[in-house]
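Here are the chains, one letter per residue:
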Amino acid sequence: MGGVTKERRRLLNLARMLLEETDADRGLTMSEIVERLEAAGIPCERKSIYRDLAALRDMGMDIQPYERAPRQYGLATRPFDLEELSLMVDAVQSARFLTDRRSSQLVKKIRGLASTGQREELDRNVHVEGRLRDQAGSVLASVDSIQVAMRRHRKVAFTYYDYTTELKRAARRDEDGKLKHYLETPLRVVYSEGNYYLLAYNDKHEGIAVYRVDRMARLRVADEAAATNDLTQDFDGTGFANRSFSMYGGQTVTATLLADAQVMNALVDRFGDEMAVVPVAGGAKARVTVSVMDSPTFYGWVAQFGPRVKIEAPAGLADGFRSWLTDTLVAYK
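Summary of the structure given here. As the structure is a prediction and not an experimental result, all values here were calculated from the model. Positions within a chain are numbered from 1, following the residues in the order the chain's sequence is written. Two thresholds apply to this predicted model, a pLDDT of at least 70 for residue-level local features and 80 or more for giving and counting side-chain atom pairs, whereas whole-chain, interface and lining totals are computed over all residues. Note that the side-chain values use all heavy atoms of the structure and ignore hydrogens as well as water.

## Points about the pattern of salt bridges
We apply this condition: One side-chain nitrogen of Lys or Arg within 4 Å of one carboxyl oxygen of Asp or Glu is enough to make a salt bridge. We count a stretch as a helix when DSSP gives it H or I for four or more residues in a row; a strand needs E for two or more, and each element gets its number in order from the N terminus. Whether a residue is buried, partly exposed or exposed follows from its accessible area with a 1.4 Å probe, protein chains only, as a fraction of its type maximum: under 20%, in between, or over 50%, in that order.
Taken as a whole and assessed by the stated rule, the structure comprises 13 salt bridges. Salt-bridge contacts for Asp-52 lead to Arg-10; the nearest nitrogen and oxygen are separated by 2.5 Å. Taken together, the positions of Asp-52 in helix H3 (residues 46-58) and Arg-10 in helix H1 (residues 6-21) put the pair 42 residues apart, joining distant regions of the chain. Summarising the burial analysis for this pair, Asp-52 and Arg-10 share the class buried. Here Glu-20 makes a salt bridge to Arg-16, at a shortest N to O gap of 3.4 Å. With Glu-20 and Arg-16 both in helix H1, this residue pair falls four residues apart, about one helical turn. Given the relative accessible area of 33%, Glu-20 is considered partly exposed.

Set out below in structure tokens:
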């Protein structure tokens with residue numbers, strides 16, 4: 001088996017050099033390229049490098065001359081620009097389901113996509129509250145298994161655990177004390193508030209169930225075919241996520257909220273800037289119509305605003321909120 005020829009070594013080293021050391025702002029002069037190749041034991045002439053640069057352009061590398069004194073050559077466009085790499089680093093560092101070790105590993109790989117000159121700008125420090133210290137399994141691997149099940153139109157099987165008052169994981173069990181096994185039709189994976197959630201169709205209750213992926217264990221793609229009905233076929237995962245609070249399910253209702261101007265930022269953050277809004281009281285307040293799920297987490301969200309947000313309709317939603325407040329007050333007597 002023959003070794004790599006001198007020409008191939010030169011071409012490969014030149015490509016690596018441009019990928020690692022140049023970008024849209026930084027280039028290498030011809031003298032610097034020659035010096036680096038000679039240091040790697042590849043003496044060459046400049047005309048050979050010009051031919052190699054042309055060959056790399058033909059292969060799709062956007063190598064451009066930078067008209068400076070002296071002229072430089074650099075990779076003008078990369079698979080990801082600095083802004084995109086920064087977004088990826090921030091997203092990885094902000095993911096609560098990743099341990100510090102796993103987060104650092106992924107950030108290191110992302111930094112490898114940047115030039116050496118860009119890597120210092122990717123040394124970001126995002127503090128994340130509530131990050132997992134360990135994991136019973138890989139969340140990313142679980143998400144991948146769920147995606148496989150959806151592509152194959154199969155159900156997923158798993159067990160599920162909760163935390164005890166001693167901060168220990170305890171698997172859910174049936175009434176007779178046996179380990180509870182779940183067999184659900186996966187519909188959508190949603191990333192919300194720092195966690196992955198599985199939205200699934202539950203045959204027993206004929207409705208949508210929500211599971212935290214990091215609390216699922218022994219997850220596997222089941223042999224049983226996924227359920228097919230009007231709900232699974234017409235399921236709107238994005239709409240469900242927008243209506244729910246902390247991925248807590250409940251009956252969907254159209255609510256009318258009377259909100260003070262001071263809390264409009266919070267409402268836009270929650271529902272987006274396309275919600276139906278009618279200014280009242282000369283702009284001091286607004287009547288906002290949104291679709292929400294009638295649930296304790298929605299009540300808790302409303303309660304944080306005190307008198308600045310009032311549920312006007314429907315009456316059942318306002319009554320439910322009033323009862324929730326009363327029960328909360330009773331608990332403090």
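## Here we look at the pairing of strand S7 (residues 195-202)
Threshold: Two strands make a pair as long as DSSP finds a minimum of two bridges between them.
For S7, the buried fraction is high: seven of the eight residues fall into the buried class. Sheet topology places strand S6 (residues 182-192) next to S7; seven bridges connect them, and they run antiparallel. Across the sheet, residue Pro-186 finds its bridge partner in S7, namely Ala-200. Between S6 and S7, which pair antiparallel and follow one another directly, the connecting turn spans two residues, one of which, Glu-193, has a positive phi of 50°. Of the pairings in the sheet, the one linking S7 to strand S8 (residues 207-212) comprises six bridges and is antiparallel in character. Counted as the bridge partner of Leu-198 is Tyr-211 from S8.

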